[in-house]
Amino acid sequence: MSANPPLTGIKVVELAGLAPGPFCGQLLSSYGASVLRIDRPTTTHAPPTNDLLTERKTSIALDLKAPSSLAVLLTLLEKADVLIDPFRPGVLEKIGLDPESVLLKKNPRLIVVRLTGFRRDGKYSAMAGHDINYVAVSGVLSMLGARDKPPSPPANILGDFAGGGHVAFTGVLLALIHRGVSGKGQVVHANMVDGASYLATFPRLLTKVPMWSGPRGTNTLDGGCPYYGTYETKDAGKYMSVGALEPQFYAELIKGLGFEPADVLSGKDLQRDDPRAWPYMRELFTQRFKTKTRNEWEAIFDGTDACCAPVLEHQEMEAANYDHRPLVELTGSPALPVDVPWVGKPLAAGDGGEETLSNWLGWKKGRDFDVHSAKAQAFLVLKEKSKL
């Protein structure tokens, strides 16, 4: 019989933010952690926030400028295992929640993951930014995009989610391992600049060898090589992906396309890995892929080692009831299943929070805390007689 998810029993306080912080929290909740989001005061009956990374989380609203509301957070952090801080440097300190001098003194086992976009030191530390800016100053954005075109950002996947939320999740796991040995928590510093930069370690090292030493969009893995790229098919707007790097896979690709090896080389003195051969080869591949639909090409290459597969679109995957799965499979203590893979479930401030306070602290509304309403805003405050 499988055990509970590996993070069962871990209590996480997530200060509300966008993208990377919530993604870190969702990864933790997917593996069993109880995640309580701390929202800002909201107007009565306010709609949920636009954060869709809310699976299995609950929420309470706190006014961290109000001492009695701040006391709720401090009491939670005395019992919590993890705090996710998505704010710019100095924000926690400004409201009296310095991790080293306050939080870790109250709860030495607490893990505080502080997630910023830019590095906490250096010229950009006090500046506002978004994913594109963090990936830009990491050096990675300069490597992405077509030849003779401006760099092309990969949406906000590389910075916010991979270099930000996922890296922060990794930091939490490492800190939990350390705590298991030492009994002590710590501060985990994560930022999207270093996260994205580290993810690009291999491409950066390749810039010193022929495989990636040319300008952007001219190299083997960045769009320059004709047998590593995408091609439009006969049904306009549909594409096949090609990744036939090794000679044996390349041979299968050429066979599936109906060519002989010599057909796709513009001269007898050229080899397939010679960039001089690539423009002619790309033109032939482009024309050939447009002679059949994506489904027809898929039928040709299914079951082969040509490294040629369809570029699927989310809309068609949803229609086909694609099986979304957790990040990684654990056979002994599996993650919780993905609940709603295609439609996010916004979490309104206060949703499920009272139950979490009861589970974590044994608190009851009216006895230990109240919901304070002022100026059409609602947030939790600690009862004066409540035991801290």
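Cut-offs and rules
Residues numbered from 1 in each chain as written. Predicted model: local features only at pLDDT ≥ 70, side-chain atom pairs only at ≥ 80, totals over all residues. Heavy atoms only, no water. Core = buried A, V, L, I, M, F, W, Y, C linked by side-chain atoms within 4.5 Å. Buried < 20%, exposed > 50% of the residue type's maximum accessible area, 1.4 Å probe, protein only. Helix = DSSP H or I, 4+ residues; strand = E, 2+ residues; numbered from the N terminus. Contact = heavy atoms within 4.5 Å. Patch = residues over 30% accessible without salt bridge, like charges linked within 9 Å, V, L, I, M, F, W, Y side chains within 5 Å. Areas by Shrake-Rupley, 256 points an atom, 1.4 Å probe, with all protein chains shown as cover. Salt bridge = Lys/Arg side-chain N within 4 Å of Asp/Glu carboxyl O. Phe/Tyr/Trp six-rings, centres within 6.5 Å; stacked < 30°, edge-to-face > 60°. Axes fitted to C-alpha atoms, helices over the stretch in contact; angles between N-to-C directions. Parallel < 35°, antiparallel > 145°, perpendicular 65-115°, else oblique. Left-handed = near helix turned anticlockwise from the far one by under 90°. Nonpolar A, V, L, I, M, F, W, Y, C, P; charged D, E, K, R; others polar. Pairing = 2+ DSSP bridges.

### Side note on the nonpolar core
Formed by 30 residues in total, the largest nonpolar core has its most connected members in Val13, Ile38, Ile60, Leu73, Leu76 and Leu357. Looking at which element gives the most residues to this core, the answer is helix α2 (residues 67-79), with six residues. The residues touching Val13, leaving out its near neighbours within four places in the chain, are Leu36, Ile38, Leu73, Leu76, Leu77, Ala80, Val82, Leu83, Ile84 and Trp360. Ranked by size, the runner-up nonpolar core spans 24 residues in total, among them Val12, Tyr31, Leu115 and Phe169.

### Considerations on a nonpolar patch on the surface
A grouping of Leu327, Val328 and Leu330 is seen on the molecular surface, where their side chains present a nonpolar patch of about 240 Å² in accessible area. Turning to its location among the elements, Leu330 is positioned in the loop between α12 (314-319) and α13 (353-361). Here Leu330 falls in the partly exposed class, since its relative accessible area comes to 31%.

### Considering the packing of aromatic side chains
This model, assessed by the stated rule, comprises eleven aromatic pairs. Here the aromatic rings of Tyr227 and Trp278 are separated by 6.5 Å at their centres, their planes lie at 85 degrees, and the arrangement is edge-to-face. Highlighted residues: Tyr227 in the loop between α8 (201-206) and β8 (228-232) and Trp278 in helix α10 (residues 278-289), separated in sequence by 51 residues. Overall, the relative accessible area of 4% leaves Tyr227 in the buried class. The interplanar angle of 25 degrees and the centroid separation of 6.0 Å between the aromatic rings of Trp297 and Phe301 together place this pair among those described as stacked. Of this pair, Trp297 and Phe301 both sit in helix α11 (residues 294-301), four residues apart, which is roughly one turn of the helix. For the pair Trp297 and Phe301, a shared accessibility class is recorded, and that class is buried. Within the aromatic cluster, the residues linked to one another by ring pairs are Tyr231, Phe259, Phe285, Phe289, Trp297 and Phe301.

### Some details on the packing of α2 against α13
In the contact formed by α2 and α13, the axes pass within 10 Å of each other and the chain directions differ by 50 degrees. Of the possible angle classes, the one that applies to α2 and α13 is oblique. Like other packed secondary-structure pairs, α2 and α13 cross with a definite hand, here left-handed. Seen from α2, the contacting residues are Thr75, Leu76 and Lys79; seen from α13, they are Leu357, Trp360 and Leu361. Classifying every residue of the contact of α2 with α13 by side-chain character gives four nonpolar, one polar and one charged.

### Observations regarding unusual backbone geometry
A positive phi angle, close to 65 degrees, is found at Arg56, a residue other than glycine. By secondary structure assignment, the location of Arg56 is in the loop between β3 (42-43) and β4 (57-61). Look at Arg56 and you get partly exposed, because its relative accessible area is 32%. Here Cys307, not a glycine, exhibits a phi torsion of approximately 55 degrees, which is positive. Within the secondary structure, Cys307 sits in the loop between α11 and β10 (308-310). When its relative accessible area of 34% is taken as the criterion, Cys307 is described as partly exposed.

### Observations concerning the environment of Ser101
Examined against the element boundaries, Ser101 turns out to sit in helix α4 (residues 99-106). Judged by its relative accessible area of 43%, Ser101 falls in the partly exposed class. Counting along the chain gives 224 residues from Ser101 to Arg325, while the straight-line C-alpha distance between them is 41 Å.

### Focus: the packing of helix α9 (residues 247-257) against α10
Two elements in contact, α9 and α10, have axes whose closest approach is 11 Å; the angle formed by their N-to-C orientations is 50 degrees. Between α9 and α10, the angle falls in the class oblique. Between α9 and α10 the crossing geometry is left-handed. In contact with Tyr250, Leu253, Ile254 and Leu257 of α9, α10 contributes Met281, Phe285, Arg288 and Phe289. A class-by-class count of the residues in the contact of α9 with α10 yields seven nonpolar, no polar and one charged.

### A closer look at the sheet that holds β8
Taken together, the three strands give an open sheet; going across it, the order is β8-β9-β10, and neighbouring strands pair in antiparallel fashion. Whereas interior strands pair on both sides, the edge strands pair on one side only; in this sheet they are β8 and β10. Neighbour-to-neighbour, the strand axes of the sheet open up by a mean angle of 25 degrees, direction not taken into account. Sitting on the sheet, α11 touches β9 (239-243) and β10, and the angle it makes with β9 is about 35 degrees.

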